[in-house]
Amino acid sequence: MGTALVYHEDMTAARLLWDDPECEIECPERLTTALERLQQRGLEQRCLQLAAREASEAELGLVHSPEYVALVRGTQALGTGELQTLSGQYDAVYFHPSTFHCARLAVGAALQLVDAVLAGAVRNGLALVRPPGHHSQRAAANGFCVFNNVAIAARHAQRQHGLHRILIVDWDVHHGQGIQYIFEDDPRASTDAPWPQVGMGNADYVAAFLHVLLPVAFEFNPELVLVSAGFDSAIGDPEGQMQATPECFAHLTQLLQVLAGGRVCAVLEGGYHLESLSQSVCMMVQALLGDPAPPLLGPMVPHGSALESIQSVRVAQAPHWMSLQQQGVAPVLGPSPYSPEGRPSSLLLTGRPEFKAAATQDVAALSSLLDQPRLNPTPPVRTAVALAAPDAALALPSDVLCEEGSAPQEETQAWARPHEALAQDRALTALGKVLYLLDRILDGQVSSGIAVTPACAAAATLDVAIRCGLSHGAQRLLCLAVGQLDRPPDLTDDGRNLWLNIGGKEAAALSMFHVSVPLPGTTGGFLSCVLALVLPLAYSFQPDLVLVALGPAHGLRDPQAALLAALLRGPAGGRVLALVDEESTPQLAVVLARVLHGEAAPSLGPFSMASPEDVQALMQLRGQLEPRWKMLQVASEAGGPGSG
């Protein structure tokens, strides 16, 4: 299955016919520029291209009143003066004789995308549409929006496809109040993360996902994810005045793809800086296609005001979600009202600023930032697997490379010499394959890889891989060791390596670069460990290489290992090498290859509460590590570096 791109050139027909500085930014070039950039990068050609259809009036009626639909239909026959008068009755809206046709195409594009994803024709996709929709209400246009594209798509998925749990994520900088009003009596759970000031950047958006959106979303367990993809939250946009760079949207998209079996339908909302918009659209489509997200540049330190907002949301929502209760933000008040028997049929998660302030952008600096994604070309091979012996029975994706190369014998022997466990021929052969694959990742020929290692040599192989990675070009290496694997005793805390062990006897931070935590025994405990510890550490450290070592007695189920690997693609720009103990199931290598290749991770199964012991251990660790690793924070430090 692939990625759909739904579009129709007729959606460029509507344009402003009179002078209105507020509305002139919503122009046809928003679509044409984005489409041209997709074509230039070869992304459109990689998608299944679908021509948008018009939504029927019955489909519009899933959300909008008959009187409102009739009013918009009537604009086709109005003159310019009448259109201007009617537009003045609404906030930041303009009508054109083509508006009804364009708006029906926008809704139809969203419906086509949902149908294609739920029919299994594609895994995910983007509806490139205008006018946007998330401000539109049952009987009123608002904020450039005529019909509520995403709300209608959600109703359609419920009515036509029988879905019960739909997650709607709105990262447009303006609150999608239209969607919220439409679903608040559904019953509706609305988790709103308001940004209290302009200038929020990559760290703030990723923190909101890790500490609010993803914990709640995993518990909600959606069958479909709908994204109101507004890019006025991107750097340079005159409306949003935020600092999220285009590659940030690749990371947010990638984080959402671990939900709902990867069934993600994105629908364009805002975005009014043409270059920033087109770059951000490209980054999102690349992520939907499974390409690794480019590394996030700059320090990953959330603003203090963002942390205050995140903590306020967590406290307000904790009574309703076990996933937030178990992180110590509020007392446990009993079973969640969103248990399987009484879950909301759809869940809205939004982010918005509460006010605007005057801001200026340095044009040269902005141009430089927007050029940076071009400097991160995708490696020729996305995923390679080095097996002890070729196995035709393994159902690997067709374009995953089965790597048969090996490092030169002399080099392999030199690295192996300090380790008695690597003296055996079988262990030496496996090490040669690991070193060869590691070199190909570091020189940009391969993005990610999986190598199988003998159980007796797992620790020694990992030690060599760490040292080889650091000596062959990795500036910062994150090692996630799972199972019976001890940190190499002479590995120094020089800031270039971060060791994180899952499966240790007790939770401990022996240093800021040496962390150990027991393997939680429940789904909720495992998710808290990943979302509240592993990923914040990884995004704070900003590695350029991640080693995931699944050693003897690692204890992970295949879906857990797959989720770890899928989520760790982000912090290192996709450069992940997984070392798998040969005593693990053969299917584990296949599952890891699939997720590192960009496919969805399998479901973890029903959500279960973390044990009190796991909750306490995690809270203690976070308290020790937060002063150094700022992405762990969920509350502001007064006067700290992330404040303001």
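This text gives an overview of the structure that appears in the document. (Residues numbered from 1 in each chain as written. Predicted model: local features only at pLDDT ≥ 70, side-chain atom pairs only at ≥ 80, totals over all residues. Heavy atoms only, no water.)

1. As for the overall build of the protein chain
Thinking step 1. When its secondary structure is counted, the protein chain shows 21 helices and 17 strands.
Thinking step 2. Here the protein chain holds 644 residues, and 63% of them are scored as buried.
Thinking step 3. The long-range share in the protein chain, meaning contacts at least 24 apart out of those at least 6 apart in sequence, stands at 80%.
Thinking step 4. On the protein chain, roughly 22,400 Å² of surface is accessible, and the fraction owed to carbon and sulfur atoms is 52%. (Helix = DSSP H or I, 4+ residues; strand = E, 2+ residues; numbered from the N terminus. Buried < 20%, exposed > 50% of the residue type's maximum accessible area, 1.4 Å probe, protein only. Contact = heavy atoms within 4.5 Å. Areas by Shrake-Rupley, 256 points an atom, 1.4 Å probe, with all protein chains shown as cover.)

2. Side note on the packing of helix 6 (residues 99-118) against helix 7 (residues 149-161)
Thinking step 1. Contact geometry of helix 6 with helix 7 gives a least axis separation of 9 Å together with a crossing angle of 40 degrees. In terms of orientation, helix 6 and helix 7 fall into the oblique class. Crossing hand, helix 6 versus helix 7: right-handed. On helix 7, the residues touching Ala103, Ala106, Val107, Ala110, Leu111, Val114, Asp115 and Leu118 of helix 6 are Asn149, Ile152, Ala153, His156, Ala157 and His161. (Axes fitted to C-alpha atoms, helices over the stretch in contact; angles between N-to-C directions. Parallel < 35°, antiparallel > 145°, perpendicular 65-115°, else oblique. Left-handed = near helix turned anticlockwise from the far one by under 90°.)

3. Observations concerning the pattern of salt bridges
Thinking step 1. Going through the model one piece at a time under the given rule, you end up with 15 salt bridges.
Thinking step 2. In this structure, Arg440 and Glu403 form a salt bridge, with 2.8 Å as the shortest nitrogen-oxygen distance. Taken together, the residues span a long stretch of sequence, with Arg440 in helix 16 (residues 425-442) and Glu403 in the loop between strand 10 (401-402) and helix 15 (409-416) at a distance of 37 residues.
Thinking step 3. Note that Arg467 and Asp490 form a salt bridge whose closest N and O atoms lie 2.5 Å from each other. One end of the pair, Arg467, is in helix 17 (residues 458-471); the other, Asp490, is in the loop between strand 12 (477-482) and strand 13 (497-502), with 23 residues separating them in the sequence.
Thinking step 4. Its relative accessible area of 52% is what places Asp490 among the exposed residues.
Thinking step 5. One network of salt bridges, in which partners are shared, links Glu26, Arg30 and Arg130. (Salt bridge = Lys/Arg side-chain N within 4 Å of Asp/Glu carboxyl O.)

4. Concerning the sheet that holds strand 16 (residues 545-550)
Thinking step 1. Spatial strand order, 10-9-11-17-16-12-13-15-14: nine strands in an open sheet with mixed pairing. Looking along the sheet, the strands with just one partner apiece sit at the ends: strand 10 and strand 14 (508-511).
Thinking step 2. The pairing of strand 11 (residues 446-453) with strand 17 (residues 576-581) spans six bridges and is parallel. Of the residues in strand 17, the one forming a bridge with Val452 is Val580.
Thinking step 3. Lying over the sheet, helix 18 (residues 523-541) contacts strand 12, strand 13 and strand 15 (514-517), oriented at roughly 170 degrees with respect to strand 13.
Thinking step 4. Each of strand 9 (381-386), strand 11, strand 16 and strand 17 touches helix 20 (residues 586-596); the most contacted strand, strand 11, lies at about 170 degrees to it. (Pairing = 2+ DSSP bridges.)

5. Description of empty space enclosed by the protein
Thinking step 1. Taken as a whole and assessed by the stated rule, the structure comprises eight cavities of 30 Å³ or more.
Thinking step 2. Lining the second largest cavity are 15 residues, and of these Gln254, Gln257, Arg569, Gly598 and Glu599 lie nearest its centre.
Thinking step 3. Residues of the lining of the second largest cavity, tallied by class, amount to six nonpolar, five polar and four charged. (1 Å grid on protein atoms, 1.4 Å probe; cavity = no way out; pocket = protein on both sides within 12 Å on 5 of 7 lines; lining within 4 Å. Points joined across faces, edges and corners; volume = space filled by probe spheres on them. Nonpolar A, V, L, I, M, F, W, Y, C, P; charged D, E, K, R; others polar.)

6. Considerations on the side chain of Gln542
Thinking step 1. Looking at the secondary structure, you find Gln542 in the loop between helix 18 and strand 16.
Thinking step 2. For Gln542, a relative accessible area of 18% gives the class buried.
Thinking step 3. Setting aside chain neighbours within four positions, we find Gln542 in contact with Leu296, Leu297, Gly298, Pro299, Met300 and Arg476.

7. Considerations on helix 20
Thinking step 1. Most of helix 20 is tucked away: eight of the eleven residues are buried.
Thinking step 2. Leu588, Ala589, Val590, Val591, Leu592, Ala593, Val595 and Leu596 are the residues of helix 20 that are buried.
Thinking step 3. Against strand 9, strand 11, strand 16, helix 19 (558-568) and strand 17 lie the buried residues of helix 20.
Thinking step 4. Looking one or two residues beyond helix 20, the residue adopting positive phi is Gly598, at roughly 105 degrees.

8. Let's talk about the pairing of strand 13
Thinking step 1. When you tally the buried positions in strand 13, you get six out of six residues, the bulk of the element.
Thinking step 2. Side-chain alternation along strand 13 places Asn497, Trp499 and Asn501 on one buried face and Leu498, Leu500 and Ile502 on a second face that is also buried.
Thinking step 3. Where strand 12 and strand 13 come together, six bridges link them in parallel fashion. Within strand 13, the residue paired with Leu478 across the bridge is Leu498.

9. Thoughts on the side chain of Gln254
Thinking step 1. As for its placement among the helices and strands, Gln254 is situated in helix 10 (residues 246-256).
Thinking step 2. Assessed through its relative accessible area of 8%, Gln254 is described here as buried.
Thinking step 3. Among the polar contacts listed, one links the side chain of Gln254 to the backbone nitrogen of Gly570, at a separation of 3.3 Å.
Thinking step 4. The contacts of Gln254, once residues within four sequence positions are left out, are Ala287, Asp291, Pro292, Ala293, Arg569 and Gly570. (Polar contact = N/O pair within 3.5 Å; in protein donor to acceptor, adjacent residues only side chain to side chain.)

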